[in-house]
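Structural characterization, general
So you can see what is in the structure, the chains are spelled out below.
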Amino acid sequence: MRISVSLSFAVLTVASLAAAAQAPAAPKATAALSKVALTPPMGWNSWNYFAGKVTDKDIRASADQIVATGMKDAGYVYVNIDDTWEGERDANGVLHTNSKFPDMKALADYVHSKGLKIGIYSSPGPKTCAGFEGSYNHETQDAQLYAQWGIDYLKYDACSYIQEVMEKQAPNDKAEQMRMMRAAYAKMDKALKATGRPIVYSFCQYGMDASWEWAPSAGGNLWRTTGDISPRWDRMFVILNEQAGLDKYAGPGHWNDPDMLEVGNGKLTLAENRLHFSMWAMLAAPLLAGNDLPNMKPEIKAILTNRDVIAIDQDALGKQGSRAYSEGEVEVWTRHLSGGAMAIAVINAGDTRYSTHPFHLDLRKLGLKGTQTGKDLWTGKTVKLTDNEPLELASHDVLLVRIGAPK
Ligand code: GLA
């Protein structure tokens with residue numbers, strides 16, 4: 001999807017400001033919503049590596065690798081097929097797969113046989129972002145089909161619904177367009193619930209109309225908060241900072257989605273991969289890996305399967321982290337965890353080391369008094385953080401510490 005991204009940025013910026021100013025109450029998860037995604041969904045999605053080239057074979061190979069690499073044991077469950085699996089509708093309106101996916105039911109059975117779950121992708125518009133068949137006017141039929149196949153997760157991507165439906169049916173009326181957007185997402189929610197199958201429902205409309213404010217009541221278990229991520233430091237860092245202030249909207253069964261992981265993709269350095277993974281855990285973000293699993297390097301596997309970091313993401317309290325303060329090129333984020341524990345992430349967004357100008361951590365700004373003992377989640381070592389502690393972090397690297405009993 002390229003068309004809607006710039007629009008979504010504009011909407012998001014305005015929406016973020018509005019959201020920050022109002023500080024409304026957190027949405028309440030309904031009983032139905034809270035049955036799935038009690039912690040942020042974990043798994044793998046085909047788009048960030050394969051994009052439009054993904055095939056049945058790639059999905060099977062990825063499922064195999066999730067088991068073989070220990071990712072399954074670390075908590076990765078969903079194997080999600082993104083755009084480009086769709087074929088044509090027959091005379092009865094039933095959607096068929098294209099030749100890359102000869103038998104979706106058999107594929108779902110295969111993924112399930114590995115003890116994993118399977119996800120699929122569609123759009124409320126007539127066409128998906130890659131120009132394949134969407135669910136417009138076929139919502140019930142498609143939801144039933146997914147349930148018959150054994151689908152456990154749906155990513156529903158606005159795509160052509162914006163240009164072909166909202167803008168055509170309500171030209172120059174933004175408010176009406178946004179009502180139509182909400183209605184389209186709620187319509188598919190109803191269709192999914194009517195199947196009786198628990199299906200995680202993932203909204204992908206790039207954060208338009210402050211998705212975090214209305215997505216939970218339209219049935220969303222997670223909702224994208226921004227345009228698309230890419231495997232570049234700049235893009236990842238922009239998305240990270242757009243999440244500041246959204247923490248109050250997340251909780252068990254309903255999560256902000258800053259987009260899928262790019263860990264192991266593109267030219268991200270090891271430090272950048274570590275930081276990306278750490279911060280998505282601080283954000284209680286869905287952890288959907290998007291790399292080439294059969295060719296994953298050991299150091300990337302080590303990042304994706306770091307159980308201590310995953311435990312931050314999956315913490316049962318479900319309280320998303322927030323940016324405590326920033327100073328120059330350094331940001332400090334905190335996340336409150338169950339049992340009174342706390343995670344602290346310090347990141348160096350600068351392009352150079354802090355060897356000559358160490359950063360001094362101000363514990364008082366985090367509500368802490370005196371020396372804190374914790375675990376550095378990337379070295380595994382016990383660390384003591386003292387007030388005004390000079391920290392030297394490599395460029396684009398992170399210090400992630402879990403403090404069991406913060407004082
Ligand atoms: C949009 C979404 C992406 C991906 C593509 C598929 O851009 O934001 O995550 O699903 O569509 O076409």
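Residues numbered from 1 in each chain as written. Predicted model: local features only at pLDDT ≥ 70, side-chain atom pairs only at ≥ 80, totals over all residues. Heavy atoms only, no water.

1. Description of the packing of aromatic side chains
Under the counting rule described, the total for this entry stands at 14 aromatic pairs. With centroids separated by 5.9 Å and ring planes inclined at 40°, the aromatic side chains of Phe 203 and Trp 214 adopt a geometry described as tilted. Of this pair, Phe 203 sits in strand β7 (residues 200-204) while Trp 214 sits in helix α9 (residues 211-214), and the two are 11 residues apart along the sequence. With relative accessibility at 7%, the residue Trp 214 sits in the buried group. One Lys or Arg, Arg 60, reaches over the ring of Tyr 110 and ends 4.9 Å from the middle of that ring. (Phe/Tyr/Trp six-rings, centres within 6.5 Å; stacked < 30°, edge-to-face > 60°. Helix = DSSP H or I, 4+ residues; strand = E, 2+ residues; numbered from the N terminus. Buried < 20%, exposed > 50% of the residue type's maximum accessible area, 1.4 Å probe, protein only. Lys NZ or Arg CZ within 6 Å of the ring centre and 35° of its normal.)

2. Side note on the state of the cysteines
According to the stated counting rule, one finds one disulfide in the structure shown. Between Cys 129 and Cys 159 runs a disulfide, and the two sulfur atoms are separated by 1.9 Å. One quick way to see it: the torsion about the S-S bond of Cys 129 and Cys 159 is about -90°, and its sign makes the bridge left-handed. With a gap of 30 residues between them, Cys 129 in the loop between β5 (117-122) and α6 (139-149) and Cys 159 in the loop between β6 (153-157) and α7 (160-169) connect regions that are remote in the sequence. Residue classification places Cys 159 among the buried residues on the basis of a relative accessible area of 4%. Here Cys 204 is not disulfide-linked; the sulfur of Cys 129 is the nearest cysteine sulfur, at 6.5 Å. The exposure class of Cys 204 is buried, given its relative accessible area of 1%. (Disulfide = S-S within 2.5 Å.)

3. What about α6?
Listing the buried residues of α6 in full gives Glu 139, Asp 142, Ala 143, Leu 145, Tyr 146, Ala 147 and Trp 149. In this structure, the buried side of α6 is in contact with β3 (86-89), β4 (95-97), α5 (104-113), β5, β6 and α8 (174-194). Positive phi appears at Gly 150, one or two residues downstream of α6, with a value of about 95°. (Contact = heavy atoms within 4.5 Å.)

4. Thoughts on the sheet that holds strand β11 (residues 322-327)
The strand order across the open sheet built from six strands is β11-β12-β13-β18-β15-β16, with neighbouring strands paired in antiparallel fashion. In this open sheet, the two edge strands, each paired with only one partner strand, are β11 and β16 (382-385). Across the sheet, the mean angle separating the axes of adjacent strands is 30° when strand polarity is ignored. Pairing of β11 with strand β12 (residues 330-336), which is carried by five bridges, proceeds in the antiparallel orientation. (Pairing = 2+ DSSP bridges. Axes fitted to C-alpha atoms, helices over the stretch in contact; angles between N-to-C directions.)

5. Examining the sheet that holds strand β9 (residues 255-257)
In a beta sheet, neighbouring strands are held together by backbone hydrogen bonds and run either parallel or antiparallel to one another. Sheet architecture is open: eight strands sit in the order β9-β8-β7-β6-β5-β2-β1-β10, paired in parallel fashion. Two strands in the sheet have a free side with no partner beyond their single neighbour: β9 and β10 (287-289). When strand polarity is set aside, the average angle formed by the axes of neighbouring strands in this sheet is 25°. In this sheet, strand β2 (residues 78-80) lies alongside strand β1 (residues 42-45) in parallel orientation, the contact comprising three bridges. When the bridges of β2 are listed, Trp 44 appears paired with Val 79. Sitting on the sheet, α5 touches β2 and β5, and the angle it makes with β5 is about 140°.

6. Let's talk about the confidence of the model for the protein chain
When pLDDT is averaged along the protein chain, the result is 92; 91% of the residues meet or exceed 70. A low-confidence stretch, residues 1-34 stays under pLDDT 50, and its non-local contacts, those more than four residues away or across chains, total 55 contacts. (pLDDT = per-residue confidence, 0-100.)

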